[in-house]
Amino acid sequence: MAENSAAETAPAKKGKLKLIILLAVVVILAIALSIAGTLWFLGGGLPGMGDDATAEDEIAEEPFVPSVYLDIGKALVTTVQGEGRQRYAQAYVALGATDAQALAAAKLHMPLIRSQLVMVLGNSSYSALQTPEGRQGLVDNMLATVNQVLEQEGEPSVNRVLFRNFVVQ
């Protein structure tokens, strides 16, 4: 009878070992599936799957083109109306573009561009020029004015108007 009780305890240990191994496999599988699901839902896809060639083509299509700048040498100085008094505005301006031909055209037509920019600056109000939003609006108006002049002359447009120095008093 002693032999029968020993035989019954040995299979019970194998069952526990199988259960522990089965639980470990299930936990590892659950972790792997959660990682794969997270990658899938975040839009990254699974590593090694998908159209990596098209993603590389899209990136390769846009080469980096550095900007080129043209400083307008002299300051734009004009009077602006503010609070019933005559005030002064002074701006040192630079033009930026990715096309050097646009800046060459701007340099060629600089007298007309300077004249138009002085008019835009003179039409601004003193109170608007004291706020960052007002200065950004002035930059937008100046960019539109420069591009309008260049368009009338049949030249390519510039991308930016930058203030190197800006003073109102």
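These numbers were taken from a predicted model, which means no experiment stands behind them.

K.L.:
Help me understand the overall build of the protein chain, please; the structure alone is not making it clear to me.
P.N.:
Secondary structure summary: the protein chain contains six helices and four strands in total. The N-to-C order of helical and strand elements in the protein chain reads α-α-β-β-β-α-α-α-α-β. Within the protein chain, buried positions represent 24% of all 169 residues. Here the protein chain displays about 11900 Å² of accessible surface, and carbon together with sulfur accounts for 59% of that area.

K.L.:
Help me understand the pairing of strand β2 (residues 76–82), please; the structure alone is not making it clear to me.
P.N.:
Within a regular strand, side chains alternate between the sheet's two faces. Burial of β2 is one-sided: the residues L76, T78, V80 and G82 facing one way are buried, the residues V77, T79 and Q81 facing the other way are not. In this structure, β2 lies alongside strand β3 (residues 85–97), joined through seven bridges in antiparallel fashion. Along β3, the bridge assignment pairs T78 with A89. What sits between β2 and β3 in their antiparallel hairpin is a turn of two residues, with E83 showing a positive phi close to 55°.

K.L.:
Quick question: what am I supposed to make of helix α6 (residues 132–152) here?
P.N.:
Since the α-helix packs 3.6 residues into each turn, any two residues three or four apart lie on the same face. The end-to-end C-alpha distance of α6 is 30 Å, a good match for the 30 Å that 21 residues give at a rise of 1.5 Å each. Listed as buried for α6 are G134, L138, V139, M142, T145, V146, N147, V149 and L150. Downstream of α6 by a residue or two, G154 has a phi angle that is positive, lying close to 75°.

K.L.:
Help me out: how do you make sense of the nonpolar core in this one?
P.N.:
Among the nonpolar cores identified, the biggest contains 29 residues, and I113, L121 and M142 are the most heavily contacted of them. Elements with a minimum of two residues in this core: β2, β3, α3 (100–108), α4 (110–122), α5 (126–129), α6 and β4 (160–168). Looking at this core element by element, the count peaks at six residues for α6. Those residues within four positions of L121 in sequence are excluded, and the remaining contacts are L76, T78, V80, A89, A91, L129, L138, M142 and F166.

K.L.:
Honestly, the packing of α3 against α4 in this entry has me stumped. Any pointers?
P.N.:
The N-to-C vectors of α3 and α4 enclose an angle of 80°; their axes lie 5 Å apart at closest approach. Put simply, α3 runs roughly perpendicular to α4. Residues A106, K107 and L108 of α3 form the contact with α4, whose participating residues are M110, P111 and I113.

K.L.:
Quick question: what am I supposed to make of a nonpolar patch on the surface here?
P.N.:
A cluster of nonpolar side chains, namely V27, I31, I35 and L39, defines an oily patch on the protein surface of about 340 Å² accessible area. By the element assignment, L39 lies in helix α1 (residues 2–41). The partly exposed category is assigned to L39, whose relative accessible area is 34%.

K.L.:
Looking at this structure, how should I read the environment of A91?
P.N.:
Structurally, A91 is set in strand β3. Looking at A91, the relative accessible area reads 0%, which means it is buried. Taking C-alpha positions, A91 is 9.9 Å from L117, a pair spaced 26 residues apart along the chain. With residues near it in sequence (within four places) discarded, A91 still touches A75, L76, L121, F163, N165 and F166.

K.L.:
What should I look at first to understand the environment of Y92 in this one?
P.N.:
Residue placement: Y92 occurs in strand β3. Along the primary structure Y92 and L162 are separated by 70 residues, whereas in three dimensions their C-alpha atoms are 8.5 Å apart. Among all residues touching Y92, those that are not within four sequence positions of it are G73, K74, A75, L162, F163, R164 and N165.

Calculation rules
- Residues numbered from 1 in each chain as written.
- Predicted model: local features only at pLDDT ≥ 70, side-chain atom pairs only at ≥ 80, totals over all residues.
- Heavy atoms only, no water.
- Helix = DSSP H or I, 4+ residues; strand = E, 2+ residues; numbered from the N terminus.
- Buried < 20%, exposed > 50% of the residue type's maximum accessible area, 1.4 Å probe, protein only.
- Areas by Shrake-Rupley, 256 points an atom, 1.4 Å probe, with all protein chains shown as cover.
- Pairing = 2+ DSSP bridges.
- Expected span 1.5 Å × (residues − 1).
- Core = buried A, V, L, I, M, F, W, Y, C linked by side-chain atoms within 4.5 Å.
- Contact = heavy atoms within 4.5 Å.
- Axes fitted to C-alpha atoms, helices over the stretch in contact; angles between N-to-C directions.
- Parallel < 35°, antiparallel > 145°, perpendicular 65-115°, else oblique.
- Patch = residues over 30% accessible without salt bridge, like charges linked within 9 Å, V, L, I, M, F, W, Y side chains within 5 Å.
- Salt bridge = Lys/Arg side-chain N within 4 Å of Asp/Glu carboxyl O.

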